[in-house]
Amino acid sequence: FRGDSNLLDKTFWLKKFLKELTLRYIYKHIDIAFYVGTNNKAYFRKYGLGEIQLLFAPHAIDNSRFSPGVRSRIKDDLELNETDILVLFAGKFIPAKNPLLLLNAFLCLQLPQVHLLFVGDGKLKNKLVALSRNCKRVHFMPFQNQTAMPAIYQACDLFCLPSNRDSWGLSVNEAMAAGKAVLVSDKVGAAADLVRNENGKVFKHKNMDDLKKSLQDMTTCRISLKEKGNASLKIIAEWDFETQSNNILNTIRE
């Protein structure tokens, strides 16, 4: 069995009770479960799987596709200065991803040399556009094909994923493979494994003050962001398809 569920979401006690009964029954019939990260492993342990049954098969992407060698003209297209810092949100504009929290924090801070780019689409788009109408430092791009995403990541200095709920968040892998610093909420499943002091920050979900402080701290120096991006590259190198496939195939062969 392989999945990426975790225990980060709080549920009503009755639903929680019924869920535990059901999952414990299901997992009694499983020999091996491949966990994608720390939060996912804790989930499997809670529902009855033993340590010997759990094997690591990390959530991964094709890291090479997002290599820092990819060229990007997006900053030029947005008419940004050389010294400007670009913060990126890429994903669905939906409540679960909470792009509104990021926008409101950004607007409150009024950082003169920092720009915010939203890439994607969703039910919150009109609200995001309306709220940022008077701020020339907020930019939007429509949903992009995966082939265009490497250049978008390369354009940014900091990637932010402020989700209220996110089982993992593969966009964090993508940003790190592009050599970028990352800022994510504590409800992003990847946070426990991929985000450390040397490459980013984790803030408390739905907490405007915590996000504002983290955003301000991280956008004071482009050199510091570059150093954190280099650290991201080193961390994400171990989270690749080769490790994932080898661990699964070696277990099946046994």
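Anyway, here's the lowdown on the structure attached to this text. (Residues numbered from 1 in each chain as written. Predicted model: local features only at pLDDT ≥ 70, side-chain atom pairs only at ≥ 80, totals over all residues. Heavy atoms only, no water.)

Structural notes on the side chain of Ser 171
Part 1: One can find Ser 171 in helix α7 (residues 170-177).
Part 2: Using a relative accessible area of 13% as the deciding quantity, one classes Ser 171 as buried.
Part 3: For Ser 171, the contacting residues outside a window of four places in its chain are Ala 90, Tyr 153, Phe 159 and Leu 161. (Helix = DSSP H or I, 4+ residues; strand = E, 2+ residues; numbered from the N terminus. Buried < 20%, exposed > 50% of the residue type's maximum accessible area, 1.4 Å probe, protein only. Contact = heavy atoms within 4.5 Å.)

Side note on the pattern of salt bridges
Part 1: In the structure shown here, the tally under the stated rule is eight salt bridges.
Part 2: Here Arg 24 ties to Glu 20 by a salt bridge, and the two come within 3.1 Å at their closest N and O atoms. Pair noted here: Arg 24 and Glu 20 are both in helix α1 (residues 13-27), with a separation of four residues, about one helical turn.
Part 3: The partly exposed category is assigned to Arg 24, whose relative accessible area is 36%.
Part 4: Two residues, Asp 217 and Lys 213, come together in a salt bridge whose shortest N-O distance is 3.0 Å. Taken together, the positions of Asp 217 and Lys 213, both in helix α9 (residues 208-218) and four residues apart, correspond to about one turn of that helix.
Part 5: Judged by relative accessible area, Asp 217 falls into the partly exposed class, the value being 35%.
Part 6: Via salt bridges that share partners, Glu 20, Arg 24 and Lys 46 belong to a single interconnected network. (Salt bridge = Lys/Arg side-chain N within 4 Å of Asp/Glu carboxyl O.)

Some details on the pairing of strand β5 (residues 138-141)
Part 1: Bridging between strand β4 (residues 114-121) and β5 involves four bridges; their strand directions are parallel. By the bridge assignment for β5, Leu 116 is matched with Val 138.
Part 2: Regarding topology, helix α5 (residues 125-131) serves as the crossover connection from β4 to the parallel β5, and that connection is right-handed. (Pairing = 2+ DSSP bridges. Right-handed = clockwise from strand over helix to strand, strands pointing away.)

A few points about the sheet that holds strand β3 (residues 85-92)
Part 1: Taken together, six strands build an open sheet; the order of strands is β5-β4-β3-β6-β7-β8 and the sheet is parallel. Each end of this open sheet is capped by a strand with a single partner; those strands are β5 and β8 (200-203). Pairwise comparison of adjacent strand axes, ignoring direction, gives a mean angle of 20 degrees for this sheet.
Part 2: Along the sheet, α9 contacts β3, β6 (158-161), β7 (181-185) and β8; its crossing angle with β8, the most-contacted strand, is approximately 170 degrees. (Axes fitted to C-alpha atoms, helices over the stretch in contact; angles between N-to-C directions.)

Brief notes about the packing of α7 against helix α10 (residues 222-236)
Part 1: The geometry of α7 relative to α10 is characterised by a closest axis approach of 8 Å and an angle of 115 degrees between their N-to-C directions. Contacts between α7 and α10 pair Asn 173, Met 176 and Ala 177 from the former with Ser 232, Leu 233, Ile 235 and Ile 236 from the latter.
Part 2: Taken together, the residues of the contact of α7 with α10 break down into five nonpolar, two polar and no charged. (Nonpolar A, V, L, I, M, F, W, Y, C, P; charged D, E, K, R; others polar.)

Focus on α9
Part 1: Among all positions of α9, only Leu 211, Ser 214, Leu 215 and Met 218 are buried. Across the axial projection of α9, the buried residues extend over an arc of 100 degrees, all falling on one side. Seen from the open side of α9, the exposed residues pointing more than 90 degrees away from its buried face are Asp 209 and Lys 213.
Part 2: Against the buried residues of α9 lie β3, α4 (99-109), β6, β7, β8 and α10. (Arc of directions from axis to C-beta.)

Looking at the side chain of Asn 6
Part 1: Its place among the elements puts Asn 6 in the segment before α1.
Part 2: According to the relative accessible area criterion, Asn 6 is buried, its value standing at 15%.
Part 3: At 3.1 Å, the side chain of Asn 6 and the backbone nitrogen of Leu 8 are in polar contact.
Part 4: When neighbours within four sequence positions are excluded, Asn 6 is seen to be in contact with Asn 39, Asn 40, Tyr 43, Asp 166, Ser 167 and Gly 189. (Polar contact = N/O pair within 3.5 Å; in protein donor to acceptor, adjacent residues only side chain to side chain.)

Considering helix α2 (residues 38-46)
Part 1: Among the residues making up α2, those that are buried are Asn 39, Asn 40, Tyr 43 and Phe 44. End-on view of α2: buried residues confined to an arc of 140 degrees, all on one side of the axis.
Part 2: Looking at the residues trailing α2, positive phi occurs at Gly 48, about 105 degrees.

Quick word on the nonpolar core
Part 1: If you look at the biggest cluster of nonpolar residues, it comprises 63 residues, and the most contacted ones within it are Leu 88, Phe 118, Tyr 153, Phe 159, Val 172 and Leu 194.
Part 2: Counting residues per element, this core draws most heavily on α4, at seven residues.
Part 3: Residues Tyr 27, Ile 30, Tyr 35 and Tyr 43 belong to the second largest nonpolar core, which totals 10 residues. (Core = buried A, V, L, I, M, F, W, Y, C linked by side-chain atoms within 4.5 Å.)

Overview of the packing of aromatic side chains
Part 1: Evaluation of the coordinates by the stated rule reveals 15 aromatic pairs.
Part 2: Summarising the aromatic geometry, the rings of Phe 1 and Phe 44 are spaced 6.0 Å apart at their centres and angled 90 degrees between planes, so their arrangement reads as edge-to-face. Here Phe 44 lies in helix α2 and Phe 1 lies in the segment before α1, a separation of 43 residues in the sequence.
Part 3: In textbook terms, an aromatic cluster arises when at least three aromatic residues are bridged by ring pairs, as seen for Phe 1, Tyr 27, Tyr 43, Phe 44 and Tyr 47. (Phe/Tyr/Trp six-rings, centres within 6.5 Å; stacked < 30°, edge-to-face > 60°.)

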